[in-house]
Structures are given as structure tokens and as C-alpha cells.
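Architecture and fold: a report
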Amino acid sequence: QCRWSTAMKSLVFAALLAVPAAWGPSKFVPVDAIFVDSDGLPSSVSSLLESHVSIYNSRTGKGGMCTKSSMVGCSAGKATAKVSFEINNSAGKEGFELRSSELDHVVSAADASGAMQGFLAWVRQVRWSAKQTQVPTEWTASHTSDKELWGVRGHQYSSAPHAQMFRTVDEMKAYTLEQAAFGTNQIEMAHISSRSSSVDNLIQFSSVMKDTGMNASLWISGNTLASFDLDKLFKDMKQLDSIFMPGGDGGTLNITAAKNARKSCRKYHAGCTMWISLQELSADDMEKIIKDLGTSEWKDNVDGIVYGPHVRVPLTEFVQMIPEGFPIRQYPDICHIAGAQFALNFLSHVWAFTHQRQAVAPSPQFMDNIVRLRANGSTPTIGVGAYSEGVGDDWNKAVWSGVALQPYRTVKDIVADYARYYFGSDLEESAAGLIFGLEQNWIGDPASNSQINKTFALAQKLEKDGKDVLAKSWRLQALVKRAYNDVYQQRRYVCGLESVAGAMSVLRRTWSPDHRLDDAEASLERDCVDKTMSSYKSRVLQLASDINKTVGAEVLQTQDKMLNIQLIDESVTDVPFLLDQVKSIKKLKSNDDKEKAIAKLTGWTDPGKDGYYAALASVPQSPHLVLPVPLESDPARYINPSVSGDRYHSSHWISSQRSVFELYDSSVVVRFEGLKSSAQYKLRVGWAGGDGEVQLSANKHSILQKYTAATSSTKDYSVPQSETKGGSLELECQQKPGVGGSGRSCYISEMWLTVESDDVVIV
């Protein structure tokens, strides 16, 4: 592992991006067919080209690309573009040069890997539609591997619920070829069980990887490794390039198991490497393992280190801790939207409650930012093997691989390639807009997000213009389904907010309690789903059914086989909670008791005169919650707090169900400004559970709570006047330093800072 100076890293990264942005073609010529001439290429490459040609014809439904072994669609007399290959330049591994002029197209490369990358780069630029096909002309372009952010661009397949993730092996092969089209060059089979059937499945997996030109890797725990006859397994596998044994988050470090597996693998696959991770380790345990890496036992049996979720330090710090000689591979979670390594920043409870952790959530700009942050020279790694659970993060896979392969192109270029490749040039602009629009839909407050209707309009346009593509493309079905669900949820949310506002308004009036309670109940029982919304919901359900037919619901989202439809009518406002409260209050016998109960209910967020209330996980963000650094610079939130809470409970206010938390040795900081210097303040904290012991301090001077086991409760604290007389108060929650596990603690939902007085009622 190289250790570069900061200046050198910056220069290298600047050089990577110092390539003209206008890499793609600007002129095109119509053709009737495309002939791919593989003369001069090794037979294995010719076979792989034929597989990609078959995928192209299947995807476009046109049958207009052919090879010598299959000339269907390339009959004499047609305007046929010819793609030929030269293996004679100095572009290096994966490097190529493209020359396109009218019907003649040449891919010049130094080796087979460059020939394949060049062909796939060319195919991504082909403009196909039901009416015609256009190919680039008057275009030259080049690529060399030194322009890539990293050489390993991998993703995972899950061995559940299907042993190969897909319903059939042919579907796995087709998807693998599609991943290759966007620069992916490694697939890792994960969550491997010790069932006897796994042996045959792993052998089959390795065969598909060999046939598709992919590196093959296995994510497998030490205990599972020990359950296999490794010599038999590895001997029968056609290809195996690496093994990743997780140390935490699904596995336990076992150097003996790693040693045996590596030795056995290398008997039959000479270049097989063993990788381990340092996940969920405490500071002491991590220090010990890093020290062990310096011993011959570990040096001789571990080839590289994986950096993944639940590592207690940021990647920039991690790479400096690992001894020289160990390359580092990233293991990012790109498939979860909440409670994860790269959870979406301050995701509204509306989306969290109706989707929980796994959803169709294209995040091109978010992911592009992460890729570039992790490759800016400060985090030198050999590449990525991204964590995944199904194909529902397909667009994120394309961004991670595509940007890493061609960082000199923008994410807009990559998404345009994606839309053109899968949906055709006629739908390219609308489909790319839909992908970016869906990302924007989930940023900020859903009630005021005007992007949701704009994105919905694009989805409806695609339904109209791309009817035939939509009928067979699970990718387009999934995107359109999200757009329908988003507008459905937004309208439910806005209606529910109006019902809550109406109920709270009448409850605060001075009428008789029974009259107010009756009117509040009527407001809360308002039906928010009209005929139009019912049609949106029906469309969501229909598209979910279509997805199940085209790829399989359990393949799209392996951890949510219902595709979130079981949550489609989950509550997203306080209507159920308030309705229960109103009905309970109505049962009280005396008006006095009713008035007290109403006051308590309506005064939940009222801190009294000169007081402050903060719902820390609110969207938009609470002005009292401190973000030490910009969100975009800390996507894994090792510095900024994260947001938790993706399940609705009608027994509490939503503000009590959502909380912020910190990771490892970070902290949650809340600041109140403009305090009265002469006042004596009381603090109430809504603790939201978690593990470990937490401490709460004021202005880094006064300890309001010594390290105490985390709990789900509301606690009161007296704040020393010496801490507030300056007009501000900074509260900081920390857990005991050095912990391992997930590292999450200091879960806090709400805070009330009130002036102590006999007249103040804190509810």
C-alpha cells in the first residue's frame, strides 16, 4: 500500500480529471444493422462479444447486431455499420482508441481487455429506438487505465433468496454482461450458506463469471468456510480470484480458516487472494489486529484489507493505520436508504416509514460525490466490491462503476448512457430526467417539494412514449412505480397535515371541551384518499406485479420481497396518535379533566415563555442541531449526526419516534442561542434508546449526566446558570470512547429548554 504525500495525491487526482468533458460523439448516422467482426481476437473474446451482441438484440428487440456466427439482420443490401478490432496499440490493460466514420468503426487496443472495454464504450453510444438505429460518426475517443479511479470495480450478488440471486442461471449471466457494459469487472457472491446445495451453485457461479469475463470473488464467513470440503469445491470451480472473509457484520476473524482457505484456493487458482475486514471492532481489538498484520502468520496468509460499514474510523484515517504491503479494497453499502453506511441525508420520515431500509432509490449525485470523495488521492485503494441486496440499486451500481472507469465524464453523462443503453434514444432524455428527479424527490420536506410532481410528469410521459419498453423492462417499471408512489405519499402527507392542523386549531379554542373534541375528531377522520389517489395506488400495485413477472420481486429487493407495498398506506402523520388521544379524552368524566388533558396534548412542543423546543430529526433540519461539517463532505457521517426511525407507532408523536445519533467517538451537539442571562433553565431530553453508556455535558464544562446506560425515556436536568448566563448553551452527548459494534449511540429525539417557573408546564 503506497503512502503518497498530500501534494502528490492532489496532482494525481487533478490529472485524472484533466480530460475534455466532451468525450462522447456529437454526430450520428442511421444504419440498418451492425456487424461485429471479431477477426484477430482470441476465441474466448469472440465468444464474449457474441454474448454482448445477443444481449443487445434482446434488449432492443430489433435483432440488428450480428457476428459471423449469426448474420441474422445483416443481409446484403442493407446499410450495415462494421465494427472491427486492432490489437496493436500501446493503450495498456483496458485501454483503447475508437475511430468512427460513417459505416466503419475500429476499436484499437493493446490486449483483449482493452478490446472489450472499447467495444462496450462504443455500444453505450449507439442510439437505438423502435424506428431506427444510429451509430457515431466523425468521432475519435481514447481511454487508458491510468485515467481510471481504480482498477477493481465490483458488486455483490446475494445467495438468498435464490442460490444465484436470480431465478435462472441465464438471467444471472445476462445481468452480469449488463454490469460489464458499465465497467464492472468483479462479482462477489455473498451470504453463502453451508447447505450442501451451495457447492453446485458456487461451481455454477464461477462458470458464469468465467464465461462473462468477470473476476469471481466469494464473501464467506470463517465458520462457513470450515463447513466445506475446500479442496473439492475449489478444484471444481472454473474460476476464483479472491475470497473475502468478513471480520464482523456477518463474520468473525479466523486466521486459521483464512490460511486454510487461501492455501486450498491457490492449489487450483494460482492468483487467488484472501481478504479480511476489520468491522465492528473496538479500538483495542482493532489495534491488536493491526499489530497482528505485522506478523508472518498474517502477512503470509492475508493479501488485502477490506474497508466496509461498521469500521470505527473514516477511510482517510483507516488507510494510514494499515501496515505497508496490504492493499485496501472498499466495501460500500449502496443499496440501503436508512440505518446504513450511506443512508440518505436527513431522509424524511414519510419515505422512511413507507420504505424502511430497502427501496428503489436512484441516487446518482449522492453516489457520484461519494465515489469522487473516496478517490481524491487521500484514500488510495485498489477499488471497490460494493455490498448489495438484489438489483434494486442497479442505477447506483452503474454510477459507481461508470464514474470509476471514466472519471473524466460527468455523472450526467453516465446516467445518459444508462438511459440510452437500456431504454433507447427516444426515451433517453425523459428516463435520465426521471432518475435524477427521483433522487430530488426525497430531498427535503415532501409537503413542499415541487419536484415530485415534475418527476411524476416525466414518468407519465415515459408510460405514453415508451409503452413497449415499459412492458418488458423491470428497470423502467421500478422507476415509474417509484414516481407513482412518491406522488401518492406526498398527497397523503399533505392531507394528513391539514387534518392535524385543523384538529389542533379547534382544540386550542375556548369552546366547551366536548365541542372541540367532536370537531377535532371530525377533522382527523377525514378521508385523504380520493379517486385520483386510488388510481395512483392501483398503478403502484400493478407495476409491482409487472416487476414480479419480468425479473422477480425477490430479485429486485432481496430484503423486501413485497417491494414496499405492505407499507404503502403506513401512517405518515400524527393523525392516528391524535385520534386515539381525542377519543380517550372524550371518555373522561369531568370537563376539568378534559381541559387538562387537552392542554397537555396541545402543549407538547410548547416550552413556555423564553423557552426552546427542538425536534432533532425533523425535516427541514432543526436550527438547534449542530452539523460540524457540510453534509456532502461527510456522507458516512463520522462527524455529523445521523437520523434514525423507520417504523411508525401510533402510541407516540412522530417527533418522538425519530431521533439523531452519533457514530463511535463522535458526538451529538445541540446549541441554543439567545438565552436570558438571568434565567434558571431546565432541560428535558427525549432519549430514544440505543446501546452502551452515554454522557451529556453543557458547554464542555458541566456534566449533566455521567456515563449511564442508554435508555428510551424522558429525563429532566437542571442546567447550572453559569452555563447559560452568556446567552448560549451547547449540549453534547458522547458515548464511552473506543467502543466497537455498529458504533451507534446517543439517540435523542427531542429537547425542551424551559425557564424554571411555577407557571411553566412541561409535558
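Residues numbered from 1 in each chain as written. Predicted model: local features only at pLDDT ≥ 70, side-chain atom pairs only at ≥ 80, totals over all residues. Heavy atoms only, no water.

All right, on to empty space enclosed by the protein then. Going through the model one piece at a time under the given rule, you end up with 7 cavities of 30 Å³ or more. Of the pockets and cavities examined, the largest cavity occupies roughly 170 Å³. Looking at the lining of the largest cavity, the elements that each hand over two or more residues are β19 (642-644) and β20 (659-663). When the residues that make up the lining of the largest cavity are grouped by side-chain class, the tally is 9 nonpolar, 6 polar and 2 charged. (1 Å grid on protein atoms, 1.4 Å probe; cavity = no way out; pocket = protein on both sides within 12 Å on 5 of 7 lines; lining within 4 Å. Points joined across faces, edges and corners; volume = space filled by probe spheres on them. Helix = DSSP H or I, 4+ residues; strand = E, 2+ residues; numbered from the N terminus. Nonpolar A, V, L, I, M, F, W, Y, C, P; charged D, E, K, R; others polar.)

Quick look at the state of the cysteines now. Taken as a whole and assessed by the stated rule, the structure comprises 3 disulfides. Covalent S-S linkage joins C495 and C528, the inter-sulfur distance amounting to 2.1 Å. Between C495 and C528 the sulfur-sulfur dihedral comes to about -85 degrees; the bridge is accordingly left-handed. One end of the pair, C495, is in helix α19 (residues 474-507); the other, C528, is in the loop between α20 (513-524) and α21 (531-550), with 33 residues separating them in the sequence. Per residue, the accessibility class of C495 equals that of C528, and both read buried. Two residues share a disulfide in this structure: C733 and C746, whose sulfurs sit 2.0 Å from each other. Sign of the S-S torsion, about -85 degrees for the bond between C733 and C746, identifies this disulfide as left-handed. Highlighted residues: C733 in strand β26 (residues 728-735) and C746 in strand β27 (residues 744-755), separated in sequence by 13 residues. Accessibility assignment for this pair places C733 and C746 in one class, buried. (Disulfide = S-S within 2.5 Å. Buried < 20%, exposed > 50% of the residue type's maximum accessible area, 1.4 Å probe, protein only.)

This brings us to the side chain of T724. With respect to the helices and strands, T724 occurs in the loop between β25 (712-718) and β26. If sequence neighbours within four positions are ignored, T724 has contacts with L675, K676, S677, A679, Y681, V719 and L729. (Contact = heavy atoms within 4.5 Å.)

Strands sit in the order β10-β11-β12-β13-β14-β15-β16-β17 around a closed barrel of 8 strands; the barrel is parallel. Taking each pair of neighbouring strands and ignoring which way they run, the sheet shows an average axis angle of 25 degrees. The sheet contact formed by strand β11 (residues 186-190) and strand β12 (residues 215-219) spans 4 bridges and is parallel. Bridge pairing links Q186 to N215 in β12. Here helix α4 (residues 169-180) sits on the sheet in contact with β10 (152-158) and β11, set at roughly 155 degrees to β10. (Pairing = 2+ DSSP bridges. Axes fitted to C-alpha atoms, helices over the stretch in contact; angles between N-to-C directions.)

As summarised here, the arrangement of the 3 strands in space is β1-β8-β7, forming an open sheet in which the pairing is antiparallel. One side of each edge strand has no neighbouring strand; the edge strands of this open sheet are β1 (28-31) and β7 (127-128). Where β7 and strand β8 (residues 133-136) come together, 2 bridges link them in antiparallel fashion. The residue bridging W128 from the neighbouring strand is T133, located in β8.

Note on placement: A698 falls in strand β23 (residues 693-698). Exposure remark for A698: the relative accessible area of 0% places this residue in the buried category. Setting aside anything within four residues of it in sequence, one finds A698 in contact with L704, E723, L729, E730 and L731.

By the secondary structure assignment, T754 is in strand β27. By relative accessible area, T754 is classed as buried at 2%. On a C-alpha basis, the gap between T754 and Q581 in space is 25 Å, while along the polypeptide they are 173 residues apart.

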